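As a plain string of letters, each chain reads:
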Amino acid sequence: MRRNYDEERASALEEENLNPMQTLVTMVVLAAVVVIFCFAVWKITHANRPAALPGANTENSMDSIADWGVQSSASDTGAGTSEEPSAPSEASGQENPLGMEFEAVDEYVTAKEVTNLRSEPSTDQGQLTVITQLSNGQSAHRIGMNAATGWSQLEYNGQVVYAVSQYLTVVDAPQ
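Description of the structure in this document. Keep in mind it's a predicted model, so treat the numbers as computed, not measured. (Residues numbered from 1 in each chain as written. Predicted model: local features only at pLDDT ≥ 70, side-chain atom pairs only at ≥ 80, totals over all residues. Heavy atoms only, no water.)

Description of the pattern of salt bridges
The tally for this structure, following the rule as stated, stands at one salt bridge. For the salt bridge of Glu 107 with Arg 142, the shortest nitrogen-to-oxygen distance reads 2.8 Å. With a gap of 35 residues between them, Glu 107 in strand E1 (residues 103-111) and Arg 142 in strand E4 (residues 139-146) connect regions that are remote in the sequence. (Salt bridge = Lys/Arg side-chain N within 4 Å of Asp/Glu carboxyl O. Helix = DSSP H or I, 4+ residues; strand = E, 2+ residues; numbered from the N terminus.)

Here it is as structure tokens:
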């Protein structure tokens, strides 16, 4: 009886061990999955700004998401582009410091959560461009939007300011 048990146990252990070819195939598949995952993460984080992750060198990492793809100046656009830029918002009466074009809109917004209102549509200088903050319930007049960059141009307390659009929600005009 003891001998029969030992033979069954040895047979079970042999079945549990993978042969070397199965082990090699499993390791190669696992390595391929890791490489594909790393490439996908790299592609997502470096899609629009090489060597920059959201939040790099900024005070508020959520705001920096709106900076992906922002052109630093109007001269970077290139003369032969086929895209026709939209006209700057005439309601503001001024160009923004970065030369970003905004589609004219006429609506009122409030903040979903406390939102920084900035002197320019960028978070590159961190808190240096923050003029004030808009809280939920306070309204501002949105005069322009740039869907490609995620920025809104607002009139607030007589000033033209900029905010990340994802933090704003449309409300009824104040009475």
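A short note on a nonpolar patch on the surface
Residues Met 21, Leu 24, Val 25, Val 28, Val 29 and Val 33 make up a contiguous nonpolar surface patch of about 570 Å² in total accessible area. The class of Val 25 is partly exposed, set by a relative accessible area of 47%. (Patch = residues over 30% accessible without salt bridge, like charges linked within 9 Å, V, L, I, M, F, W, Y side chains within 5 Å. Areas by Shrake-Rupley, 256 points an atom, 1.4 Å probe, with all protein chains shown as cover. Buried < 20%, exposed > 50% of the residue type's maximum accessible area, 1.4 Å probe, protein only.)

A look at the packing of aromatic side chains
Tallied over the full model, the rule gives one aromatic pair. An angle of 35° between the planes, with centres 5.6 Å apart, marks the rings of Phe 102 and Tyr 162 as tilted. Taken together, the residues Phe 102 in the loop between helix H3 (61-64) and E1 and Tyr 162 in strand E6 (residues 159-164) connect sequence positions 60 residues apart. One exposure class covers both Phe 102 and Tyr 162, and it is buried. (Phe/Tyr/Trp six-rings, centres within 6.5 Å; stacked < 30°, edge-to-face > 60°.)

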